[in-house]
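# Observations on the model geometry
Now for the letters of each chain:
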Amino acid sequence: MNEWPIESIVVKLQVGPIDDATIDLVVTSRKLAPGLPQSSTKVVGSVLPTVGVQERTTAKSVVYWPEITMMTPNRRPLIYTATKKALATAEEKGAREVAIYTVGLEVTGVPSWEIAEEIVRAVGHHSKEKRTVDRVALVVGSPIQVSSFQYALNNHTLFT
């Protein structure tokens, strides 16, 4: 099973990359250095090499995750709020389908279960007040993320 109904929104779990050219709005990461915020790439007297991850999208409307890493305090509320804001932006644009990419968050060290639980919680809360969004594609990049999202989606009533 790779689709879950949450109220009136159908959530589809997919391993990326996907062709998102026809998706109304995409939530993705900017280029991120694994485990470090972009402002933390300098170390006393030297500069760390910049290795980064950027999820590819061809969508016309893109919203970016805030800079969140394992070192970010209170990262769960940031993930929840960013997801809710993205869904609100989608509503303002009259979007029906939203894709949420999570690889960038995982690469920065944020535990996959935190990502999954907060996104599912935000989608669940949004589904109770939604107007136009009726499909959300969760685009993940690892078996660990698949497992975390399957758990959160199978138990979405615990998070909403």
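How each quantity is defined
Residues numbered from 1 in each chain as written. Predicted model: local features only at pLDDT ≥ 70, side-chain atom pairs only at ≥ 80, totals over all residues. Heavy atoms only, no water. Helix = DSSP H or I, 4+ residues; strand = E, 2+ residues; numbered from the N terminus. Buried < 20%, exposed > 50% of the residue type's maximum accessible area, 1.4 Å probe, protein only. Contact = heavy atoms within 4.5 Å. Areas by Shrake-Rupley, 256 points an atom, 1.4 Å probe, with all protein chains shown as cover. Pairing = 2+ DSSP bridges. Axes fitted to C-alpha atoms, helices over the stretch in contact; angles between N-to-C directions. Phe/Tyr/Trp six-rings, centres within 6.5 Å; stacked < 30°, edge-to-face > 60°. Lys NZ or Arg CZ within 6 Å of the ring centre and 35° of its normal. Polar contact = N/O pair within 3.5 Å; in protein donor to acceptor, adjacent residues only side chain to side chain.

In this section: the overall build of the chain. Broken down by element type, the chain carries 5 helices and 8 strands. Reading the helices (α) and strands (β) of the chain from amino to carboxyl end gives β-β-β-β-β-β-α-β-α-α-β-α-α. By residue count, 47% of the 160 residues in the chain fall in the buried class. In the chain, of all internal contacts separated by at least 6 residues, the share reaching a separation of at least 24 is 80%. Here the chain has roughly 8000 Å² of accessible surface; of this, 55% comes from carbon and sulfur atoms.

Turning to the sheet that holds strand β8 (residues 135-140), a few remarks are in order. One open sheet accounts for 6 strands, arranged β1-β2-β8-β7-β3-β6; its pairing is mixed. At either end of the open sheet lies a strand with only one pairing partner, and these are β1 (3-6) and β6 (62-64). The mean inter-strand angle of the sheet, taken between neighbouring strand axes irrespective of direction, is 20°. In the sheet, strand β2 (residues 9-15) pairs with β8 via 6 bridges, with the strands oriented parallel. For Val-15, the partnering residue across the bridge sits in β8 and is Val-140.

Next up on the list: the packing of aromatic side chains. Taken as a whole, this structure holds 0 aromatic pairs when the rule is applied. Sitting over the ring of Tyr-64, Arg-30 keeps its end group 4.0 Å from the ring centre. For the cation-ring pair, Arg-121 lies above Tyr-80, with the distance from its terminal atom to the ring centre recorded as 4.0 Å.

Locating Asp-134 in the fold gives a position in the loop between α3 (112-127) and β8. Within the structure, the side chain of Asp-134 is placed 3.1 Å from the side chain of Arg-135, a separation counted as a polar contact. Sequence-distant contacts of Asp-134, that is, excluding residues within four places in its chain, are made with Ser-8, Ile-9, Val-10 and Arg-96.

None of this, on its own, says anything about what the molecule does.
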